[in-house]
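# Survey of secondary and tertiary structure
Read off the chains here:
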Amino acid sequence: MAGSSHGHTPAAWTGVIIAFIGFCVAGAFMVMAQPVGFWAGMGIVILGGVVGGIMRTMGMGQPKSNHPVHQLTGDREPARAEG
C-alpha cells in the first residue's frame, strides 16, 4: 500500500487521529474499571470514522478514479491463478 498513497489524505489522517485518541481514552478507562469513560472513548472512536467520512464527501479524500492501482490495471479483469 505504500506505493499507492493509500490513506495519505487529510480525511484519512483526521479520522485515524481522532479514532486513536478514542482508543487511548477507552483503554485508560478500561484499566481504571470505569465503564462510562470506556464507552465515551468508544464514542470518540466512532466519531473519528464519521468525521473522516464527512471530510471525504467534502472532497478531502482520495477519489477512487484517481487511485494509482485503478490507473495501472484499468478496467481489466483480475488475473486468475492457473492450477
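Here the structure is shown first, and the text comes after it.
Residues numbered from 1 in each chain as written. Predicted model: local features only at pLDDT ≥ 70, side-chain atom pairs only at ≥ 80, totals over all residues. Heavy atoms only, no water.

### Let's talk about helix H2 (residues 35–60)
- With 26 residues, H2 should cover 38 Å at 1.5 Å per step; its first-to-last C-alpha distance of 35 Å lies within 8% of that length.
- Taken residue by residue, H2 has Gly37, Gly41, Gly48, Gly52 and Met55 as its buried positions.
- Residues of H2 that are buried sit in contact with helix H1 (10–31). (Helix = DSSP H or I, 4+ residues; strand = E, 2+ residues; numbered from the N terminus. Expected span 1.5 Å × (residues − 1). Buried < 20%, exposed > 50% of the residue type's maximum accessible area, 1.4 Å probe, protein only. Contact = heavy atoms within 4.5 Å.)

### Focus on the environment of Trp39
- As for its placement among the helices and strands, Trp39 is situated in helix H2.
- C-alpha separation for the pair Trp39 and Gly22, spaced 17 residues apart in sequence, amounts to 9.5 Å.

### A closer look at a nonpolar patch on the surface
- On the surface, Ile46, Leu47, Val50, Ile54, Met58 and Met60 cluster together into a nonpolar patch covering about 570 Å² of accessible area.
- By secondary structure assignment, the location of Leu47 is in helix H2. (Patch = residues over 30% accessible without salt bridge, like charges linked within 9 Å, V, L, I, M, F, W, Y side chains within 5 Å. Areas by Shrake-Rupley, 256 points an atom, 1.4 Å probe, with all protein chains shown as cover. Salt bridge = Lys/Arg side-chain N within 4 Å of Asp/Glu carboxyl O.)

Function-wise, these values are silent; they only describe arrangement.
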